[in-house]
Amino acid sequence: MVSSPAAEPADTLAAGGIRRLRGRSLLPAAWLAAALVALPLAGDDFLAYQVGLFLVYGIATQGVALCWGRLGFLPLGQALFFGLGAYLGGATLKAASAQPAWWLALPLALLLPAMLAWTVARLVFARSLRSGPYFSLITLAMTMLGFLAAQQWSGLTGGFNGLGGIPEPPGLDRFSTLYGLIAVAAVASTALLGVLFSRPIGTLWSAIAQNEDRMQFLGYATDRMKAAAYALSALLAAGAGALFAAHQGIVTPQAMGFVLSTEFVIWAAVGGKASPLGALLGAVAVGYASAELRDLFAAWEVLVGLLFIAVVRFLPDGLAGLARRGSGRAGTGGLGLPRLASCPAPQTSSSSRATALRFEGVHCTQGGVRILNGLNLEIEGPGIRCLIGPNGAGKTSAFNALTGRLPLAAGRILLDARDVGGRPAWWVAQQGVGRKLQVPAVFPALSVRENLTVALWAGRLRGADPLRDEPHRWSTPLCAEMLEDFPELGEALDRPAGLLPQGHRQALEFALTVLPEPTLLLLDEPCAGLSPAETRRMIEVIQRTVRRLGAGALLIEHDLGAVAALQGEVFVLHQGRLLARGSLQDLQTDLAVREVYAGGRK
Amino acid sequence: MDGGTLLHGLNIVYELATLALTTLGLAVVFGLLGVMNMAHGEFVMIGAYSVVAAQQWGWPIAAAFPLALAVCGGLGWMVERWLIRPLYARPFDTLLATWALAMLMRKVVEAIWGRGFRNIDSSLTAAVPIGSTAYPAYRLVLMALALLLLVALFFWYRRSSAGLRVRAMTGNPVLAQALGIDTRRLASQAFVIGVMLAGAAGVLLAPLIRIEPGIGIDYLLDAFFVLVVGGLGTFGGFIGGVGVIGGSQAVVSSLAGQTSGYALVLVISILFLWLRPDGLFARR
C-alpha cells in the first residue's frame, strides 16, 4: 500500500466526511417530512387533500428531474407511465375490493410501466450515443399513442369518460387519511433519490451527463445505466399514477396525455431539475398556485409562461439552484464529494484482458472519403510503440475503428482472438483497452477527485457496489502514484476539472485512462500542448506506468523528439495504411518515409 | 376517371399541400438553424387569428396577410434576439424556451379571444366544376399557392446568393464566419423568415379550419414528423417526408378512420426516430 503525502490529509478526512455526507443526503427528506406533518395541522383536511394531488404529481416530476437533471436526457412523455400506473393501479384497486387476491397484482401495476420504459430505453440508447433529442421525441410520440389508445379502447379504460369508481385503499379515506400515505410516498422518494445521489451511482449518473463518450471509454455500459435510470423514473411515475387513481377515484385519458407530460417538465424546470426536493416543491407550488389562481386571475397562466421562460433562460437549475446559490453552497456535485482514501480497491476483473492487437486489412470510409485503406498492424505483449504519420494518415481513425466509434467497411480487428467488429466502445474497454483522447475529455463539472474516483471504479464496481458507500474510500497504489507524479492534481482535488489549465487536464486525462489498469493503452498525443518540461515528465510517467501495468501501449505522437525519448518500435501510417515499421533510426533513413514527411510523394 | 376517384385524389393532394405549407417554416428554422422551435404551431395559430382580428375590426380579409407577417416577423425577431440567440449552444434549452414561448402565446391569445372555436365567414368556399366533379375553389388556390411557394423557395435556396450563404452557414458555421458571412444576422433572418412562413400558412388555412388557441400543437407535431422522416436541410427529403406522413395519414384515415391514421403517423415517426434518425435519404 503506497500512501502519498497528497493523499494523506484526504485519508483523515474520509470517515468524517462520509458520515457528514450521509446525514446531508437525507436532510431534504427530513425537512419535507416535517413540513408535510405540519400542513394538515396548520390548514385543514381540504387543503391537505388539494396539496396531496400535487404531491402525487411531484413524485412523477422527481422522475423527470432524475433523467434530465442528473443523466442529461429529457423524457418528454413521462405521463405515459403515470397514466399506465393510474389505469393499472386503479383497475387493481377495483378488482381487489371484490376479490382480495388481486392485491398480489398491485406490484405489477408499477413494474410493468418500468419494464416498458427499460425496454424502450435499451432499444433506443443502444443504437447511438447522440440519441438524446430523438429519445425525447420518441417518448413524446409514445405518450400520444398511449393517449389515443386510452381513448380508443373504451372497453378497458372507459374511453373518454374514464375509468371511474376506483375505491380507496382499505382503511383510508380519500379526503383525509389518504394524504398520510401520499406524504409518506413523497418523503420516501425524496429520501431514496437523495441517498442514491450520494452513492457511487449518483456520481456515475452525473458523469454520464457530463461526458458519455468518456464513460464508455472507461468501460461503463452507459446505455444500460441510462435505461435503468429511466426505468426508475418510470417506476416513480407509475407509483404516482397509482396514488393518483386512489386519490381521484377516476382516471381519464388526460392522465396519459401530452399536456400532463409537458407540465412535469415545466415543474421540474421551475423547481430545479438537479434537486429532488426542488422538483417536488416545483410541482406543488406551481401546480397548486395554478389550480387556485387560474379562475381568479385571467392573466395567471400568462405569468406562469413568463416565469417558465425566465427560468429556462436565466436559472438552469431552477428555484432550488437559486436557493442553493443564495445559501452559498456549491453547485452540482457540491454535496456528494467522495473522498479518495486508503482502503484497497478490489482488482479489476482479470478475465478476458487483451494483450495482443491485430488489424487485418481494415477499410473505413466516412462521407465518401477512404480514411483507412487496408490497414495491417499488429502488436503483442508489453511495451510502448509509437504511431506516426502526417495529418490525415488515419492514426486517430485507427483508434476510432478499434473502440467502436467508426464502422469497418472491410477487414477485421482482433483483440487476442476476439473480433471487435460491431462491438460498443464500453465492451472494448472492458477487454482491457484504455484510450486517452486527443483533446482531453474530462468531466468538467465534477471535481478532480470525482473524476479520479469514476475512473478508479471502472471495472471494479460489482453487484450492489454502486449503491454502497464503501467505494468512496477505495484507493489503489497506482492512484496514489498518479497523485505523486502529478502533484497539481492533488492540490486541485476539490476544484471542478473544467477549471484546470490545459497541461493539468492532459495529466488528469492520462490518470483517468490508466486508473482502470488496462492491459492495452491507446494514447492519442498525450504531450500535445505541454511545455518541454511537462513533456519530459509525461514521457517518464508514461514509461513508468506502462512498465508497472505490464501493458502494451500504442502512442500517437507528432513530436519526433518525444518519439525518440520513448524508444520502442515505430509504425508509420500513410493514407490509411501501414507504410513502414521499425526503430526510429532505421525509419529516418528509409526513403519512402522520408518522402512522405518531406512531401515528395502524393 | 370517375368523379369519386378524382375527388379522392384532389383531397389527398390538398392534404399534402396544407402539410407542406405548415411544415415549410419549421423546415427553415429546424432544418437550417437546428432550432427545435416548439412554438412553430403557435405562429401558425397567430396567422389564423390575424384573420379573426381583421374580420373583427372590419378590415378586408386580405389585410390579414400583411398583419400576420408583421406580427410574426416582429415577434420572431425579438424571440431570436433575446431567447434563441443566447441558447444556440444548448439545444435542450432552446426546445424548452420555445415551448415556454408557445405556452405564453397560447395564453395571451386565450386572454384576448377566449378559448372558444372561431370560424371565418368567407365567400371563398364556392365550388368550381372539375371534370366530372366539383371542388372548392379556395382549396385549389391553396394547392397552387403551396406549389408556387415551394418552387420559389427551392430556387431561392439553390440559386440565390442568400441561399448559398445559408447553405454555407448550415454546412460549417465557423468557416462561413471566417469567410465574412455575418452568420448572426443570417440566422436571425432565417428564423424570422421561418416564422413568417408559419404565419402565412396560418392566414391561408384560416378559412378552412376551426380556429382555437390550442391548434398549434397538431401543426407542430405533424411538421416535426415530416422533418424526422425526410431528414433536415434537403429538398428531396422535405417532399419525401410530406409524402410519407401526409400520404399515409390521408390514405389510412379515409380507410380506417382519423384515429388510425394519426396512430400510424406516430408509429412511423417512432420507427424513424429510432432506426433512421437522419431521415429517409440519409447517406449512412
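Note that the coordinates shown come from a computational prediction; the quantities given were computed from them, not determined experimentally.

K.L.:
Looking at this model, I keep getting lost on the interface of chain A and chain B. Mind explaining?
P.N.:
One frequently used descriptor of interface size is the decrease in accessible area upon assembly of the parts. On the side of chain B, 26 residues touch chain A, which itself brings 25 residues to the contact. Looking at the side of chain A that touches chain B, the elements that each hand over two or more residues are helix 4 (106-125), helix 5 (132-152), helix 11 (258-271) and helix 13 (300-314) of chain A. Sorting elements by how many residues they give to the side of chain A that touches chain B places helix 5 of chain A first, with ten residues. The class makeup of the residues in the side of chain A that touches chain B is 20 nonpolar, three polar and two charged.

K.L.:
Just to check I follow, could you spell out the packing of helix 11 of chain A against helix 12 (residues 276-293) of chain A for this structure?
P.N.:
To characterise two packed helices, one gives the angle between the axes of the helices and the distance between these axes. Residue and element names in this part refer to chain A. Packing of helix 11 against helix 12 brings their axes to within 7 Å, and their N-to-C directions diverge by 110°. In terms of orientation, helix 11 lies roughly perpendicular with respect to helix 12. Note that helix 11 runs across helix 12; the crossing there is right-handed. For the pair formed by helix 11 and helix 12, the contact residues are Trp 267, Ala 268, Val 270 and Gly 271 on the first element and Gly 278, Ala 279, Leu 280, Leu 281, Gly 282, Ala 283, Val 286 and Gly 287 on the second. A breakdown of the residues in the contact of helix 11 with helix 12 according to their chemical character gives eight nonpolar, four polar and no charged.

K.L.:
Honestly, the pairing of strand 4 (residues 410-415) of chain A in this entry has me stumped. Any pointers?
P.N.:
Each regular strand shows side chains that alternate between the opposite faces of the sheet. Residue and element names in this part refer to chain A. Judged from the five bridges that link them, strand 1 (residues 356-366) and strand 4 form a sheet pairing that is antiparallel. The residue of strand 4 that forms the bridge with Glu 360 is Arg 412. By the bridge criterion, two bridges tie strand 4 to strand 5 (residues 418-419) in an arrangement that is antiparallel. Of the residues in strand 5, the one forming a bridge with Leu 414 is Asp 419. The hairpin formed by strand 4 and strand 5 contains two residues between the paired strands, and Asp 416 there has a positive phi angle of roughly 50°.

K.L.:
In this structure, what is going on with the nonpolar core? I would like to understand it.
P.N.:
Grouped burial of nonpolar side chains is what soluble globular proteins tend to show. Grouped together as the largest cluster of nonpolar side chains are 278 residues, with contacts concentrated most on Ala 238, Ala 240, Phe 308 and Ala 511 of chain A together with Ala 100 of chain B. Counting only domains with at least three residues in this core, you end up with domain 1 (14-325) and domain 2 (356-598) of chain A. Each residue touching Phe 308 of chain A, except ones within four places of it in the same chain, is listed here: Ile 266, Ala 269 and Val 270 of chain A together with Ala 100 and Met 103 of chain B.

K.L.:
I keep staring at the sheet that holds strand 10 (residues 577-582) of chain A and nothing clicks. Help me out?
P.N.:
Sheets are built from strands paired through backbone hydrogen bonds, the pairs being either parallel or antiparallel. All names here are of chain A. Spatially, 6-7-8-3-9-10 is the arrangement adopted by the six strands of the open sheet, whose pairing is mixed. Lying at the two open borders of the sheet, with one neighbouring strand each, are strand 6 (433-436) and strand 10. Geometrically, the sheet is characterised by an average inter-axis angle of 20° between neighbouring strands, direction not taken into account. Pairing geometry for strand 7 (residues 520-524) and strand 8 (residues 552-556), over five bridges, is parallel. The partner of Leu 522 across the bridge, within strand 8, is Leu 554. Against the sheet, helix 24 (residues 591-598) engages strand 9 (569-574) and strand 10, with an angle of about 120° to strand 10.

K.L.:
Mind showing me how you'd approach the environment of Ser 136 of chain A here?
P.N.:
Residue and element names in this part refer to chain A. Within the secondary structure, Ser 136 sits in helix 5. Exposure remark for Ser 136: the 22 C-beta atoms within 10 Å place this residue in the buried category. Taking the C-alpha atoms as reference points, Ser 136 and Leu 74, 62 residues apart in sequence, are found 5.6 Å from one another. For Ser 136, the residues in contact, after removing those within four places along its chain, are Leu 74, Pro 75 and Leu 76.

K.L.:
I'm lost on the pairing of strand 6 of chain A in this one. Help?
P.N.:
All names here are of chain A. Here strand 6 shows a buried face lined by Val 433 and Arg 435 and a second buried face lined by Gly 434 and Lys 436. Examined bridge by bridge, strand 6 and strand 7 share four bridges and lie parallel to one another. Bridge pairing in strand 7 places Arg 435 opposite Leu 522.

K.L.:
Just to check I follow, could you spell out the domain arrangement of chain A for this structure?
P.N.:
Residues and elements named next belong to chain A. If you check the domain split of chain A, you get domain 1 (14-325) and domain 2 (356-598). For domain 1 versus domain 2, the separation of C-alpha centres amounts to 42 Å. With 20 residues of domain 1 at the contact, the number on the domain 2 side is 29 residues. Of all the secondary-structure elements, those providing two or more residues to the side of domain 1 that touches domain 2 are helix 1 (8-42), helix 8 (200-210) and helix 9 (212-217). If one sorts the elements of the side of domain 1 that touches domain 2 by residue count, helix 8 sits on top with seven residues.

K.L.:
It is not clear to me how helix 10 (residues 222-248) of chain A should be interpreted in this structure. Could you clarify?
P.N.:
Quick reminder: α-helices carry 3.6 residues per turn. Residues three or four places apart thus point the same way. Residues and elements named next belong to chain A. Taking 1.5 Å per residue as the helical rise, helix 10 with its 27 residues ought to reach 39 Å, and the 38 Å between its terminal C-alpha atoms agrees with that figure. Burial analysis of helix 10 places 23 of its 27 residues in the buried class, which makes it a mostly covered element. Within two residues after helix 10, Gly 249 carries a phi angle of roughly 80°, on the positive side.

Conventions adopted
Each residue is numbered by its place in its chain's sequence as written, counting from 1. Think of it this way: whatever chain is written first is A, whatever ligand is written first is 1, and the rest follow in order. Residues qualify for local features only when their pLDDT is at least 70, as the model is predicted, and side-chain atom pairs are given and counted only at 80 or more; totals for whole chains, interfaces and linings, by contrast, use all residues. Note that contacts rest on C-beta atoms placed from the backbone: two residues are in contact if these are within 7 Å. Only DSSP runs of H or I with at least four residues qualify as helices, and only runs of E with at least two residues qualify as strands; both kinds are numbered from the N terminus onward. Just so you know the grouping, Ala, Val, Leu, Ile, Met, Phe, Trp, Tyr, Cys and Pro go in nonpolar, Asp, Glu, Lys and Arg go in charged, and all remaining residues, Gly too, go in polar. Angles here are taken between N-to-C directions and fall from 0 to 180 degrees, while the axes themselves are lines fitted to C-alpha atoms, restricted in helices to the stretch in contact. Oblique is the label for any angle not under 35 degrees, not over 145, and not in the 65 to 115 range, which are roughly parallel, roughly antiparallel and roughly perpendicular in turn. By definition, turning the near helix anticlockwise from the far helix through less than a right angle yields a left-handed crossing, and turning it clockwise yields a right-handed one. Think of it this way: DSSP has to see at least two bridges between two strands before they count as a pair. To form a nonpolar core, buried Ala, Val, Leu, Ile, Met, Phe, Trp, Tyr and Cys residues must be joined through C-beta atoms within 7 Å. With C-beta atoms placed from the backbone, the exposure class of a residue follows from how many other C-beta atoms lie within 10 Å of its own: 20 or more, buried; 12 or fewer, exposed; in between, partly exposed. Start and end positions for the domains come from either an automated domain assignment or a database one. Multiply 1.5 Å by the residue count of a helix minus one, and that product is the helix's expected span.

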